[in-house]
Amino acid sequence: MTRWVLAWEMGHGLGHLAGLMAVARQALLHGIEPVIVASAALPERITLPPGTRFLLAPAWSPGAQPLPGTSSMTELLFEQGFGQAQLLAARVRYWRDLIEMVAPSALIADHAPAALLTAHALGIPVVQLGTGFAVPPTDGVSALPSFRDWEPPNGVRMAQAESVVTLALAEASALTGLPLAASVAALYNAPAVIRSVPLLDHYPPKLRRETPAYCGPLELASSANDTSIPAWPGAASPQHPRILAYLKAAHPLTLPLLNALAQQRTSVLVYVEGAQGIGNPHAHIHIQSTPLPFKALLHGTRTQPGATLAIHQGGIGASSQALLAGVPQLLLPDMAEAFITARTLVREGVAELLRPEASRETVQATLAQMIDGDRYRARAIEVAADNAAFAGDNEAMLWQQLSGLLANAE
């Protein structure tokens, strides 16, 4: 049976797994056995599509002093240990052995640079799948650009990271006996599908040599039925504000935001990641420590209306889904990738962002502004209409794009 390896090494959140699960479902429909290889254990609540195998890969951990204000993917790889030849060679050997045992006909890499590097060297057809952030623009030769468009990058530090990682690639190539890519630019010079909409690409079009394929957001589950969707707490009439929130227990604004929500006459469903035994102090707020069906609650169902405001960390999956649903967003980004997404949505007039250091008064005022903001809702509906091409069967679109790119790569 034909097999594909679906690899994920770096990054947080379930968006990476959602992308690979979507590939797995489509691969099975077309007679291909998917083997997901991830550096994070499969969450207990996640059920793999029948016929999918799951293997655990070694996790990348910072091998150098983290750099504040990282500006490029090369710097990010350096921080994760790509500048250490011995560590890099060990990762390459792992992927070489796995690829030789599994014998895949293709490898799909979602933020999996060592897997991508090794597949290149072994001549395995590869396609990158990920956010625009994880698929940096490259001509195969030039140093990768900065993604921090809001401030001048540290050119000296970027150049140092480029030099160290390039040297490590050469040394790892000698240690493994494999013809590894000579630079980070060459490593990422592979066909790609971006799992969001063009508007939310983390790099501007002028930096991309060719327009990538975009498939829109993907989901962990292929569908959700009405019985699995919780009801809005309190008096959730069609005219009543309904707020869907995805928060992190460790974020400094989570408690101030929950307190601000308690003071508003709204109906609120909240998922707090990392919270255990959290209570529900108000009748109009329901808090839980397991994920909510985000897309279904945004759009609504036959029996209940959808959300009128989404609050989350600025991850590309949640941002894309809310954008396509025409729902305004209040964003709490705590990483560069999410901050770039949040800035784009604010520029489009569909969102506001709160920095981690925001005061309690700022949180309260911004929340009230978003709840009462007709202009945000009107603009969100316009932007959703502009991106309607990605509101359908994105998995089918993804399969068509993957198939085409792999056919060209063979």
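These lines cover the structure that appears in this document, whether it is placed above or below. (Residues numbered from 1 in each chain as written. Predicted model: local features only at pLDDT ≥ 70, side-chain atom pairs only at ≥ 80, totals over all residues. Heavy atoms only, no water.)

## As for the pairing of strand S11 (residues 309-312)
For step 1, the next point in the chain: Residues Leu309 and Ile311 point to one face of S11 and Ala310 and His312 to the other, with burial holding for every one of them.
For step 2, the next point in the chain: Bridging between S11 and strand S12 (residues 329-331) involves three bridges; their strand directions are parallel. Within S12, the residue paired with His312 across the bridge is Leu331. (Buried < 20%, exposed > 50% of the residue type's maximum accessible area, 1.4 Å probe, protein only. Helix = DSSP H or I, 4+ residues; strand = E, 2+ residues; numbered from the N terminus. Pairing = 2+ DSSP bridges.)

## A word on the packing of helix H3 (residues 85-102) against helix H5 (residues 155-176)
For step 1, the next point in the chain: Their axes nearest at 8 Å, the elements H3 and H5 cross at an angle of 50°. One way to sum up the angle between H3 and H5 is to call them oblique. In the crossing of H3 with H5, the sense of the turn from one axis to the other is right-handed. Each of Ala85, Gln86, Leu88, Ala89, Val92, Arg93 and Arg96 in H3 lies in contact with H5, whose residues at this interface are Ala168, Leu169, Glu171, Ala172, Leu175 and Thr176.
For step 2, the next point in the chain: Of the residues belonging to the contact of H3 with H5, the class tally is eight nonpolar, two polar and three charged. (Axes fitted to C-alpha atoms, helices over the stretch in contact; angles between N-to-C directions. Parallel < 35°, antiparallel > 145°, perpendicular 65-115°, else oblique. Left-handed = near helix turned anticlockwise from the far one by under 90°. Contact = heavy atoms within 4.5 Å. Nonpolar A, V, L, I, M, F, W, Y, C, P; charged D, E, K, R; others polar.)

## Looking at helix H10 (residues 336-347)
For step 1, the next point in the chain: In this model, H10 (twelve residues) spans 17 Å end to end at C-alpha, consistent with the 16 Å of a helix rising 1.5 Å per residue.
For step 2, the next point in the chain: What H10 keeps buried is the set Ala338, Phe339, Ile340, Thr341, Ala342, Thr344 and Leu345.
For step 3, the next point in the chain: On its buried face, H10 sits against helix H9 (316-325), S12 and strand S13 (351-353).
For step 4, the next point in the chain: Where H10 terminates, the next one or two residues include Gly349, which has phi positive at roughly 80°. (Expected span 1.5 Å × (residues − 1).)

## Side note on the sheet that holds strand S5 (residues 126-130)
For step 1, the next point in the chain: Across the sheet, seven strands lie side by side as S3-S2-S1-S4-S5-S6-S7; this open sheet has parallel pairing. Each edge of the open sheet carries a strand with a single partner, namely strand S3 (53-56) and strand S7 (213-214).
For step 2, the next point in the chain: Against the sheet, helix H1 (residues 15-29) contacts strand S1 (3-8), strand S2 (33-38), strand S4 (106-110) and S5, and its axis sits at roughly 175° relative to S1.
For step 3, the next point in the chain: Relative to the sheet, H3 contacts S1, S2, S3 and S4, its axis offset from that of S1 by approximately 155°.

## Here's the deal with unusual backbone geometry
For step 1, the next point in the chain: We note that Ala103 has phi near 55°; this positive angle belongs to a residue other than glycine.
For step 2, the next point in the chain: Topologically, Ala103 is positioned in the loop between H3 and S4.
For step 3, the next point in the chain: Positive phi is not limited to glycine here, since His111 has a value of about 55°.
For step 4, the next point in the chain: With respect to the element layout, His111 can be found in the loop between S4 and helix H4 (113-122).
For step 5, the next point in the chain: Residue His111 is classed as buried on the basis of its relative accessible area of 8%.

## Quick word on the sheet that holds strand S8 (residues 242-248)
For step 1, the next point in the chain: A sheet is described by the order of its strands in space; here six strands give the open sequence S10-S9-S8-S11-S12-S13, paired in parallel fashion. In the strand order of this sheet, the two ends are held by strand S10 (285-288) and S13, each with one partner. Averaged over neighbouring strand pairs, the angle between their axes works out to 15° when direction is ignored.
For step 2, the next point in the chain: In the sheet, S8 pairs with S11 via three bridges, with the strands oriented parallel. The residue of S11 that forms the bridge with Leu244 is Ala310.
For step 3, the next point in the chain: Here H10 sits on the sheet and contacts S12 and S13; the angle it forms with S13, its principal contact strand, is near 135°.

## Let's talk about the side chain of Ser196
For step 1, the next point in the chain: In this fold, Ser196 is placed in the loop between strand S6 (192-194) and S7.
For step 2, the next point in the chain: Ser196 sits in the buried class, given a relative accessible area of 0%.
For step 3, the next point in the chain: If we ignore the near neighbours within four places in the chain, the residues touching Ser196 are Tyr214, Cys215, Gly216, Pro217, Ile316 and Ser320.

## What to know about the packing of aromatic side chains
For step 1, the next point in the chain: For the structure on display, the rule yields six aromatic pairs.
For step 2, the next point in the chain: When the centroid spacing of 4.7 Å and the interplanar angle of 55° are considered together, the rings of Phe133 and Phe147 count as tilted. With Phe133 in the loop between S5 and H5 and Phe147 in the loop between S5 and H5, this pair connects stretches of sequence that are 14 residues apart.
For step 3, the next point in the chain: Relative accessible area serves as the criterion here: at 4%, Phe147 is assigned to the buried category.
For step 4, the next point in the chain: Ring centres of Tyr246 and Tyr271 lie 4.9 Å apart, and the angle between their planes is 70°; on these two criteria the pair is classed as edge-to-face. On the criterion of sequence distance, the pair formed by Tyr246 in strand S8 and Tyr271 in strand S9 (residues 267-273) is long-range, its members being 25 residues apart. You'll find Tyr246 and Tyr271 in the same group, each marked buried.
For step 5, the next point in the chain: The ring of Tyr376 carries Arg375 above its face, with NZ or CZ at 4.2 Å from the centroid. (Phe/Tyr/Trp six-rings, centres within 6.5 Å; stacked < 30°, edge-to-face > 60°. Lys NZ or Arg CZ within 6 Å of the ring centre and 35° of its normal.)

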